[in-house]
Amino acid sequence: MNSRFFSSLALRNIQANRQLYIPYVLASVAVIAMFHLMASLLTNEFVRTRAASLTMMFEFGTVVIAIFAFIFILYTNSFLIKRRKKEIGLYGILGLEKRHVAKVLLFEMLYTGLVSLGAGMLTGFVFGRLFFLLLNYMMNLPVQLDYSTTGVTALMTAGLSVSVFLLAFLYNISQFTFAKPVKLLKGSNEGEREPKGSVVLFVLSLAFLAAGYGISLSMDDPLSALTYFFTAVLAVIIGTYLLFVSGSIFILKALKRNSRFYYRPAAFISVSGMLYRMKQNAVGLANICILSTMVMITVSTTMTVFVGTEEILENQLPYENNWTVYGAELTPEELTESFMSFQDRVRETAAEMGLEVTGSEAYRFQSFAGEISGGQFEPRRDIRGSGDLPLFLQVIPVADYNRLIGASVSLAPDEALFYHSDESFSAEELTFGGTTYRLSPADPASVTEDSQGITETAMLVVPDLLHIRRISEAYYADVEHEVMAGIDAHVAWNTDGTQEEKKAYAEAVESLKAGYPTSNYRSRIAVTEEWYSMNGGFLFLGVFLGLLFTIGTVLITYFKQVSEGYDDRGKFQIMQKVGLDRDMIRDSTRSQLVWMFLLPIAVAVIHVLFAYPIVRKMLLLFGITSDRTWLLSFATVVVAFSVIYFMIYRMTSKVYYGIVR
Amino acid sequence: MALLEIRKLEKVYTARFSSQKTTALANIDFSVEGGQFVAIMGESGSGKTTLLNIISTLDDATSGEVYLGGKPLSSIRDKEMSAFRRSTLGFVFQDFNLLDNFSIRDNILLPLVLSRTPVDELEKRLLPIAENLGIADLLDKYPYEVSGGQKQRTAVARALITEPKLILADEPTGALDSKSSRNLMETLKDINSQGQTILMVTHSVRAASFADRVLFIRDGAVYHEIYRGAESPDDFTDRISQSLTVLSGGGGRRE
Ligand SMILES: Nc1ncnc2c1ncn2[C@@H]1O[C@H](COP(=O)(O)OP(=O)(O)OP(=O)(O)O)[C@@H](O)[C@H]1O
Ligand SMILES: [Mg+2]
């Protein structure tokens, strides 16, 4: 008997068991492709050059996927080989030696392994190329990302596949070498037994989860968050497998004990079926849970960065165009001259380009930090010393106040308008820079500084620029070692027009700046573009990984349903002989919904919630500080993913139903 | 009117990958009165299982018709078929058809659960039958943990538990020793005397002697039949043996 014989026997076996092997190979292909893509990203230009921590993150990611691939393929193999015990046991009884059986198994593993590896790499490559093209086109970021992969990547993928399939082969050999033929003959029928010490497993699972969650909760700076993220992820993955293995079996047994629940057609069929292959069921649910968690974390984080950045830009630059003149070296007259002429030029430029200014604010101002005590505004002596922030008082002339809100207030030399963000100061008079002003309330609509409820702000409207000058001189006479600031002017405005017109307009305004040496111009378009050319790659990768993991979830769910469908088909046929009808089959398929659908998603949502603290720390690197943004993104992602997963579930259930019917 | 009428039943199997045809049933024609206990005998491959499968609606006839209570089975709509099987028929399969994901208890209870029987009723019905068939101690085991004969008795219990009008049993004693066989036959006889109709395929003369009537099938047709008169069980057993001898040109199997 030569190798040709064993090889053709192996091929015939795979052919005969194609109902088992097709889903198995497809799922292996998917997992290997996923690993290959992840490993390819390590060679990506952006990942390598943007930041050291990014490379580190992707190395983590690759290791996590590798671990997932190991667990997934090994477990799937063990369930598959269990179904074939009888067949392979027969070889022994019919006279094939053990080492010959081993040879057949080796060839089988060789074929499935090679096909999975080849197809996996090819799928990964095609998927990567295609989706990079597609995403570049759809996201239209200022920088394009290129898909790249090297021989090293291929070697890594091959190494992973060879070791995983080798381990699977060794496992299979051990199954057949040490078991008695009779045991093998019955092996295919026997139900799975509850793992030993499931209470211990359960406690262990809680310990691992607590460790993972604990790391997340205790991180206090972005860098240690990056460092420990990996450990936390590993702990949670292990905890999840243990939790599902011990927990789901525990729940199923409790359901079975409740005879009023158990002895109803749908529950009777589905609970007994799940108990029969309790480990397979548990590992399948854990796989789905882990992939769902990955999807939700990547997508919600990506979305937070995106939405958060837009919000930050919006907050920092409420207008599309922002121009500030620093007046420290100008006289008030020079400043006013610049202020007025610039506004005219802005309008002229717009008109030349066929655009119109649609909204604007313009004012001259000076800010002072200090505090109000005893009806007097005083500089704060120890700005750096005490913890709480000083009061920022913005002083503007009444002419600009009138223009901001369209009023026509006139002030006597000892009169002023006053606004305070928390209204704690309500005296009639305020002394500042040697002048005591009689106060009337200012219209809050005129307040340009957005305090966001964090810092205390106040505004004082005085008769003219000379008052501000006087106040400033008195203020800086009091404060030593500080460079005297001057009166600044701020002009901000929007225009109509398309994105391209706005961009051209911003460039035109930029060139105006030459006439105003101490000024600064920022257009939102330019700032946004700069941000995206720095960080757009993160968004790209986030979207890419989100897609990848979603597709992974679809395939793994599909695999679970199909392989279980073929497993259950015989049972359903027998039950139909005893009087099971189609409606009941549908009911029992549906009653697995709670398991297949709710359990993995619920646990995944808890994981994501606990991941938030550590993810939040990492988001600080992007300047994202708003919890609200994350909560919104998270809620959106959970709802959207649940809907998608529900559809996946419905579709794959139909496949299952089609198989067992 | 007869409970079961079988008219000109024909069944031709066409092989899956060739046009070769096997005629399993040629022209079967007989009727069974309500409350009768009928044994069907015949050589292996003569079409007995095929006949039972058609009567139990598990398979379709090529031509001919089966009437149950005067109603043609082919008129039962697909939707009612399952309910019909659950409520009217009890089937003991030649190869048991037990489910490995259910314990012996749950295997027996399956048809009752499918008919949505209240939980309290389940145990009440289960215990007497299990005790009668000597499997009360095995209820919590799984099919792959019990012997062939124990599986067979489980299959019988599953068929009896719904107290069906018509019991179809395909070699219910095939895997049993003579003592258990006798036990099972007495149980069936008991059930029969309470009014349930039984149609039983058997190769055992001893088992057939419990019936009121024995049909002999050869080459897919009823070849011969005998009724038990007022004769003693032993005499009836002898008569069945003789018929078998004639039927096959050899000796019938005696236990
Ligand atoms: N599904 C099938 N396809 C093709 N031929 C079949 C099929 N089932 C049975 N046959 C053939 O029909 C004939 C009758 O088979 P059947 O199972 O009814 O025999 P039987 O009388 O029950 O035999 P035994 O006593 O061995 O159980 C046999 O020749 C068998 O080969
Ligand atoms: Mg038969």
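Since the structure is predicted, the reported quantities are computational estimates derived from the model, not experimental observations.

### Some remarks on the coordination of the magnesium ion (ligand 2)
The magnesium ion (ligand 2) binds to the protein through Thr49(B) (OG1) and Gln94(B) (OE1); the donor distances cover 1.8 to 2.3 Å. Here the residue Thr49(B) occupies a position in helix α1 (residues 48-55), and Gln94(B) occupies one in the loop between β6 (89-92) and α3 (104-114), the gap between them amounting to 45 residues.

### As for the site of ligand 1
Residues and elements named next belong to chain B. Around ligand 1, 14 residues are found, and the nearest of them are Ser44, Gly45, Lys48, Thr49 and Thr50. Within the side chain of Thr49, one N or O atom sits 2.5 Å away from an oxygen atom of ligand 1. When the free accessible area of ligand 1 is taken as 640 Å², the share hidden by the protein chains comes to 63%. Looking at which element gives the most residues to the shell around ligand 1, the answer is α1, with three residues.

### Remarks on the sheet that holds strand β7 (residues 166-170) of chain B
Residues and elements named next belong to chain B. Reading across the sheet, the six strands line up as β6-β7-β8-β3-β9-β10 and stay open at both edges, with mixed pairing between neighbours. The open sheet has two edge strands, β6 and β10 (221-227), and neither has a second partner. Strand-to-strand twist of the sheet, defined as the mean angle between neighbouring strand axes without regard to direction, takes the value 15°. As paired strands, strand β3 (residues 37-42) and strand β9 (residues 213-218) are joined by five bridges and run parallel to one another. Bridging from a neighbouring strand, Met41 pairs with Phe216 of β9.

### Let's talk about the domain arrangement of chain A
Many structure descriptions define interface size as the accessible area lost when the parts assemble. Residue and element names in this part refer to chain A. You can read the domains of chain A as domain 1 (1-190), domain 2 (219-224 + 248-319 + 522-661) and domain 3 (327-517). Computed from C-alpha atoms alone, the centre-to-centre distance between domain 1 and domain 2 is 23 Å. Residue-level contacts link 38 residues of domain 1 with 35 residues of domain 2. Across the domain 1 to domain 2 interface the summed buried area is about 3400 Å²; carbon plus sulfur atoms make up 84%. Seen at the junction of domain 1 and domain 2, the total is one salt bridge.

### Considering the confidence of the model for chain B
Residue and element names in this part refer to chain B. Per-residue pLDDT for chain B has a mean of 89; in total, 97% of the residues score no lower than 70. Within chain B, helix α2 (residues 78-88) has the poorest average pLDDT of any element, 84, and strand β8 (residues 197-201) the best, 95. Confidence drops under pLDDT 50 across residues 250-255; counting only partners more than four residues distant or on other chains, this segment forms 12 contacts. Complex prediction metrics read pTM 0.82 and ipTM 0.89.

Cut-offs used in this document
- Residues numbered from 1 in each chain as written.
- Chains lettered and ligands numbered in written order.
- Predicted model: local features only at pLDDT ≥ 70, side-chain atom pairs only at ≥ 80, totals over all residues.
- Heavy atoms only, no water.
- Donors = N, O, S within 2.8 Å, 3.2 Å for Na, K, Ca; no water.
- Helix = DSSP H or I, 4+ residues; strand = E, 2+ residues; numbered from the N terminus.
- Near = heavy atom within 4 Å.
- Polar contact = N/O pair within 3.5 Å; in protein donor to acceptor, adjacent residues only side chain to side chain.
- Areas by Shrake-Rupley, 256 points an atom, 1.4 Å probe, with all protein chains shown as cover.
- Pairing = 2+ DSSP bridges.
- Axes fitted to C-alpha atoms, helices over the stretch in contact; angles between N-to-C directions.
- Domains from an automatic or database assignment.
- Contact = heavy atoms within 4.5 Å.
- Buried area = accessible area lost by both parts, 1.4 Å probe.
- Salt bridge = Lys/Arg side-chain N within 4 Å of Asp/Glu carboxyl O.
- pLDDT = per-residue confidence, 0-100.

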